[in-house]
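Chains, contacts and geometry: an overview
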Amino acid sequence: MPEKKLNQTANHAIVCSKGQLAVILSQIKGFAEAKVSLEQYQTDSETAATVLWHANMICDLANKKIIDLGSGTGILGLGTMLLGCSEVTFVEKDENALKLCKINAKNLKSEFSDDFLVSFQNKDVSEVLGSFDVVVMNPPFGTHEAHADRVFLQKACSLAPIIYSFHKAATFAFVQAFAKDNGFAITHNWQFDFPLKQTMKFHTKKIQRITVVCVRLERKQ
Ligand code: SAH
């Protein structure tokens, strides 16, 4: 069988199944030392692949201009690249996490054409400007700093008409009300038992699970 050619033009997806996407995403480097104050928990590869695969099925990713807010090590934005978006901007406040994100993108570089548009912004999410087709984000849930997720939602609403965002399931009503107040509606949601790996010193269990919901928000006409 001929070897599969991976170096294709930017607007062609280079994965052909959700399983393949999950496998590639499982290989990206995770946080070296996760910071509690920034709620650095990486989305697990199965969850990321499930949401992004759905997003792709409803034509939200291919050839679209994406922004990944609080990108961490980049798993969400990198997934959108693998599914054929045209451009990705990664925004991350923590310099070390953004360095890892760049390494992860570089490791996947052979899979993309040289003119694929990727940019990295080391800044607070509140400082981001521009216009995008879709926001992807797994923001801090507000466990360490109250309302941290609200800052992300507020910014996301100003940047794009479509938003994919992860939240603690317990805050679903808040997200729904926030969306309504800002001219958005929740069109889809997916619930997951999120495995939080033992990345922080105070964790006593190897893997703890919390119920998380990923919502798709769409700006109302
Ligand atoms: N999107 C990644 C990381 C999720 S953890 C993933 O899905 O795996 C949340 C990320 O948001 C962390 O990397 C954290 O450093 C970053 N972050 C937290 N507050 C931020 C802010 N105000 N501006 C930019 N990034 C922020």
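All of the points below concern the structure found in this document. Because the structure is predicted, anything quoted here is derived from the model rather than measured. Throughout, a residue's number is its position along its own chain's written sequence, starting from 1. The predicted nature of this model means local features are confined to residues of pLDDT at least 70 and side-chain atom pairs, given and counted, to a pLDDT of 80 or more, with totals for whole chains, interfaces and linings taken over all residues. Hydrogens and waters are ignored; side-chain quantities use all the structure's heavy atoms.

1. Side note on the overall build of the chain
What counts, and what does not: Elements are defined by DSSP. Helices are runs of H or I of four residues or more, strands are runs of E of two residues or more, and each kind is numbered from the N terminus. The buried label goes to any residue with under 20% of its type's maximum accessible area, the exposed label to any with over 50%, and the partly exposed label to all in between, with areas taken from a 1.4 Å probe on protein chains only. In this description, contact between two residues means that some pair of their heavy atoms is separated by no more than 4.5 Å.
Each helix and strand counted, the chain has 6 helices and 7 strands in total. Going residue by residue from the N terminus, the α and β elements of the chain occur as α-α-β-α-β-α-β-β-α-β-α-β-β. Counting across all 221 residues of the chain, residues that qualify as buried make up 47%. Relative to all contacts within the chain whose residues are 6 or more apart in sequence, the contacts with residues 24 or more apart total 72%.

2. Side note on the pattern of salt bridges
Heads up, the condition is: Counted as salt bridges are all cases of a side-chain nitrogen of Lys or Arg within 4 Å of a carboxyl oxygen of Asp or Glu.
Scanning the entire structure with this criterion turns up 4 salt bridges. Where D60 meets R216, a salt bridge forms, and the shortest distance between an N and an O atom there is 2.7 Å. Taken together, the residues span a long stretch of sequence, with D60 in the loop between helix 2 (45-57) and strand 1 (65-69) and R216 in strand 7 (residues 207-219) at a distance of 156 residues. Of the residues examined, D60 reaches a relative accessible area of 4% and is grouped as buried.

3. Remarks on the nonpolar core
Here is the rule: Put simply, buried Ala, Val, Leu, Ile, Met, Phe, Trp, Tyr and Cys residues joined by side-chain atoms within 4.5 Å make one nonpolar core.
By size, the foremost hydrophobic cluster in this structure holds 41 residues, and its most contacted members are L21, M81, L82, Y164 and F166. In terms of nonpolar packing, the next biggest core, distinct from the first, is built from 22 residues, V125, F132, M137 and C157 among them.

4. So, helix 3 (residues 75-82)
With 8 of 8 residues buried, helix 3 is to be regarded as a mostly interior element. By the burial criterion, the buried members of helix 3 are I75, L76, G77, L78, G79, T80, M81 and L82.

5. Notes on unusual backbone geometry
Positive phi, close to 65°, is recorded for C59, a residue that is not glycine. Positive phi values are uncommon outside glycine, yet H147 reaches one of about 65°. Relative to the assigned elements, H147 resides in the loop between strand 4 (134-137) and helix 5 (148-159).

6. Thoughts on the packing of aromatic side chains
Geometry of an aromatic ring pair is reported as the spacing of the ring centres plus the angle between the planes. What counts here: Put simply, two rings from Phe, Tyr or Trp (the six-membered ring, in Trp's case) pair if the centres are within 6.5 Å, and we call them stacked under 30 degrees between planes, edge-to-face over 60, tilted for the rest.
Scanning the model with the defined rule gives 5 aromatic pairs in all. Centroid distance F90 to F120: 5.3 Å. Interplanar angle 10°. Geometry classified as stacked. Here F90, found in strand 2 (residues 87-91), pairs with F120, found in strand 3 (residues 117-121); they are 30 residues apart in sequence, far enough to count as distant. The class for F120 is partly exposed, based on a relative accessible area of 28%. Consider the rings of Y164 and W190, whose centres lie 6.0 Å apart with planes at 20°: the pair is stacked. One end of the pair, Y164, is in strand 5 (residues 162-168); the other, W190, is in strand 6 (residues 184-197), and 26 residues separate them in sequence. Taken as a pair, Y164 and W190 share a single burial class, namely buried. An aromatic cluster of three or more residues is present, and its members are F166, F192 and F194.

7. A few points about the pairing of strand 4
Test applied: A pair of strands is considered paired only if DSSP assigns at least 2 bridges between the two. When the strands point away from the viewer, a crossover counts as right-handed if the route from the first strand across the helix to the second turns clockwise.
Residues V134 and V136 point to one face of strand 4 and V135 and M137 to the other, with burial holding for every one of them. Taken together, the 4 bridges between strand 1 and strand 4 define a ladder with parallel strand orientation. Bridge assignment links L69 to a residue of strand 4, and that residue is M137. Relative to strand 5, strand 4 runs parallel, the two sharing 4 bridges. Residue V135 lies in a different strand from strand 5, and its bridge partner there is I163. In this fold, strand 4 hands off to helix 5, which returns the chain to strand 5; that crossover is right-handed.

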